[in-house]
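Now for the letters of each chain:
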Amino acid sequence: MDLFLQQTVNAFALGGTYALLALGLAMVFSTMGLINFAHGELMTIAGYILMACGLAGVPFAFSILLAIAAAVLAAIVMERIAFRPVRNASGATMLVTSFAVSMILQVLFQNFISARSQAVLVPEILSESVRFGGLVIGVNKIAAIVTTIVMLIFLDRFMKHHRIGIAMRAAAEDFSVARLMGIRANTVIAGAFALSGFLAGVAAVLWVSQRASVDPLMGFTPVLKAFIAAILGGLGSLRGAVAGGFLLGFIEIYLAAYLPSGMQEFRDPIALCLVVLVLIFRPNGLIPSPALKAEKV
Amino acid sequence: MNKLLISTLLASAMAFPAAAETLRVGVATAQTGALAPFDTPVIDGIHIAVDEINEAGGIDGKIKIELLEKDVRSDAAQTSIATQELVDEGVSVIVLPCDADPSLAAIGVITEAQIPAISTCASSPTLPQIGGDYMFANFPGDNVQATVSAKWAYDEGHRSAYIIYSPDTQYTTMPLYFAEVFEKLGGKMLGEDTHTIGQQDFSAIATRIAALDPQPDVIMTSTYEPDFPSMLKALRAAGVESQIIGSDGIDSPTTFSLGAVAEGLVFTTAGHPTEGSPLEAFNKKFEEVNGKAPETVFNAVGYDLIKVIEAAVIAADGSTDAQTLRDAIANLENVQGATSTITYKGTDGMPLREVSLIRVKDGGRELIGQPTPDASLIPEPRVQ
C-alpha cells in the first residue's frame, strides 16, 4: 500500500508538470488556433538563464524569477516576430512556422552557446527528501506539486476575474464576436503568449532542477508530452489540458511501476495505446473545448 | 583523341607529385542534432591535431592534411549521402559520427569505395564487427568498459547488482555486458529496468528499487545526460544508497556540479590527465588554442584519431592510397595518442585502449586506476 501511495505521489508530481506544459500550449491554441511547437524552446531559454545565473552566482530564488521573466519576454517577441505575420494564415502555415521557429532557435543555441549540455547549479535542498510515515518524498516532488496547485489557482482566478483573462475566454469562444464587442485582438493574443511563456518558464524551472543541465534540444520532449496531454484533454480546453496532463502522468508512472519487467520496453507504446483508447471513447478529449464545433465523422 | 589522351596523361603525371603531398580526410559528422554534443568536441580535437601536424610541415614533415567537412545532422541517411560525396571528392580516409547507427549507414559506401573509415567516438564493439574490413572505432569498447567496472565492483566486495539500461541504442545497453561479467565473477544480479533515452522522470523506477529487500550493492547504468542526473537524483531521493557505476557518457561538467548526490559515483572513461601524461599536455594545448579548458575527454579523443591516421601514413611510407592506409591502420600497434596508446593489430577494428576508472570526490575527479582487463572476462560483442 505504501508503495502504491509513493507511486501516486510520483504520478501527481509528473502529471502536474505535464499539466503546466499542456496549459501553455492550450492557452495559445484556444485564442489563435496555433499549436506552438516552439513552446519547448521557451523552456530552453529559461534553462539557459538559470545556467547563466548559476555561473554568475545569482541566488537561486532570484534566478527563478529572471528565468520566468525571460520566457515571458521570449514568448511575446516570438509572437510579434514570427506569428503575427501569419496570424490569418491557415492552421498548417502556423504549424510549420512554429516548427521553423523551434529549429532556428535550436541551431542558434547549438552554434552560439554550445552543442553540449551545460550544467545548471541547483540548490542541494532540491535533491533531498522528506519522510511522511512510510513515504519518502523528494523535495523537488513537493515543489512540483505545490507549484502546480498554486499556478492552477492563479490561472483560474486570472481567467475568471481579470479583464484580459475574461477577454481571452471570450476570444476563445468566438474571436470575431469578441472583436465586435471591442476586444483588441493584439492584446488578447499577446496576453495568451505571455501567459504561455509564464507557464513554460515555471515548467522549465521544475524540469531543469530535476535534470541539472540544459542543452539545445531540451525542449523537444516536454513539448511532445504537452501536445499528447493537450490532445488527450481536449485541444483548446484549459481544464482539459490540466486533466490530460495529470492523466498522462498517471499512465506513465503506473505503467513504469506495475508493468512486468519483460514488458517495460514497450511502456511508451502501451501508454500511447491507452491515450488512443481514451480518444476512441471521447474523440474530442476528456473535457472538450466548448468552442469546438468540429464534427467528427 | 590521342592528343587528348596524352595531354590528360601528362597533366595527371604532373599533378601526381603535388597530390601525394596532401592527405585528404573526409569528415562526415554531426555538427547539429542529437549527436552534435559528442561529435563537435571530437572535431575540435581533430582540428588541434591537424593544425599541429601541418604547422610542423605535415605528416613526416611533408604530407599536409586537408580536412573536407560535412554536417550529417545526426541523421543516418544524410551520413550515407555525405560519405558518398566525400568519396567522389577523392578522400583517402573518412571520419564518421559518434554513434554506431549512422556510421553503419555509411558502410555500403566505404566498402564499395574501399576507403577506411573511423568513427569519432562510437564505443559499440558491434560497429567494426558489422562494418567489416573498412570500419574502425576510436574508443574503448562497451564490453571492455563494462568488464573494467564489473571487475572493480566485485573486487570492492560488492556481490549483488542491479542494472538500468535503454534498448534505444547500442551504447546504452552496456549494462547488459556488465551483468554478464558480474555474474561470471560470481556476483548476483538482483534485477533490471529499462528506460527510454530522453526520459525525464525516473521516480517510478527509483521507488521500485528502493523497495527491494535486500538492496543491491551496486547499480550500473550507461545512461548519459540529461537522463543521468535525473536518474541519480531520483534514486538518492527515494533513499537508495547503493554504489552507482556509470560510463564515459557522463564524463561531463554536469556530473561534477551535482553536489552531494554525485559523491562516490564511479565511471569508466577514455583517459585521465595524470601528472606529466600526454592528456595533460593536450589539455594545456587545448586551453591555449581555445581560451578555455576542455569540457570533456572527447576533445582528446579527436586528437587521438588524427594521430592514428598520421601513424598509418608513416607506416605506409607516406602513401595516401586508401587501400594501403586501411591495411596500415589494421596493423598499427601502440600509437601514442593523447588519452592512451592505441593498438589495432590483432583486433577486428575495435582498438585496444586504456580504460580509466574515475570516482567523483569533493566535486572533482579521482583516478581509481587504469586497469587492463583480463581478456577471458571480456564478453563477446552482442547485437542488441
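Model, not experiment: these values are computed from the prediction.

## Things to note about the sheet that holds strand 7 (residues 188–194) of chain B
All names here are of chain B.
Thinking step 1. The mixed open sheet is built from 7 strands, whose spatial order is 7-6-8-9-10-13-14. The two strands at the open ends of the sheet, each matched to only one other strand, are strand 7 and strand 14 (364–369). Strand after strand, the sheet turns through a mean of 25° between neighbouring axes, direction not considered.

## Here we look at the domain arrangement of chain B
Residues and elements named next belong to chain B.
Thinking step 1. Structurally, chain B comprises domain 1 (2–140 + 275–342) and domain 2 (142–269 + 356–369).
Thinking step 2. One C-alpha centre belongs to domain 1, the other to domain 2; they are set 32 Å apart.
Thinking step 3. Contacts between domain 1 and domain 2 engage 13 residues on the former and 12 residues on the latter.
Thinking step 4. Regarding the contact of domain 1 and domain 2, the summed buried area is about 1100 Å², with carbon and sulfur atoms giving 55% of it.
Thinking step 5. Of all residues in domain 1, the largest losses of buried area upon contact with domain 2 belong to Ser-123, Pro-125 and Pro-140, amounting jointly to 33% of the total for that side.
Thinking step 6. Connecting domain 1 to domain 2 are 0 salt bridges.
Thinking step 7. At the junction of domain 1 with domain 2, the criterion picks out 3 residue pairs in polar contact (both at pLDDT 80 or more).

## Overview of the UniProt feature "transmembrane region" (unreviewed entry) in chain A
Residue and element names in this part refer to chain A.
Thinking step 1. According to UniProt, the feature "transmembrane region" (unreviewed entry) maps to residues 12–39, 45–77, 89–112, 132–155, 188–208, 228–257 and 269–287 in the numbering used here.
Thinking step 2. With 100% helix and 0% strand, the stretch residues 188–208 has end C-alpha atoms that lie 30 Å from each other.
Thinking step 3. For residues 269–287, helix accounts for 68% and strand for 0%, while the C-alpha atoms at its two ends are 24 Å apart.

## Examining the pattern of salt bridges
Between side chains of opposite charge, a pair can form as their charged atoms come close.
Thinking step 1. All told, the structure shown has 19 salt bridges over all chains when counted by the stated rule.
Thinking step 2. A salt bridge links B:Lys151 to B:Asp155; the shortest N-O distance between them is 2.9 Å. Note that B:Lys151 and B:Asp155 are positioned in helix 7 (residues 142–155) at a spacing of 4 residues, about one turn of the helix.
Thinking step 3. One salt bridge connects B:Glu366 with B:Lys361, and the closest N-O pair in it is separated by 3.9 Å.
Thinking step 4. Here B:Lys361 falls in the partly exposed class, since its relative accessible area comes to 44%.
Thinking step 5. One continuous salt-bridge network, built from bridges that share partners, spans A:Glu79, A:Arg84 and A:Arg87.

Definitions and cut-offs
Residues numbered from 1 in each chain as written. Chains lettered and ligands numbered in written order. Predicted model: local features only at pLDDT ≥ 70, side-chain atom pairs only at ≥ 80, totals over all residues. Heavy atoms only, no water. Pairing = 2+ DSSP bridges. Helix = DSSP H or I, 4+ residues; strand = E, 2+ residues; numbered from the N terminus. Axes fitted to C-alpha atoms, helices over the stretch in contact; angles between N-to-C directions. Domains from an automatic or database assignment. Contact = heavy atoms within 4.5 Å. Buried area = accessible area lost by both parts, 1.4 Å probe. Salt bridge = Lys/Arg side-chain N within 4 Å of Asp/Glu carboxyl O. Polar contact = N/O pair within 3.5 Å; in protein donor to acceptor, adjacent residues only side chain to side chain. UniProt positions renumbered as here; feature names shortened; annotations may be inferred. Buried < 20%, exposed > 50% of the residue type's maximum accessible area, 1.4 Å probe, protein only.

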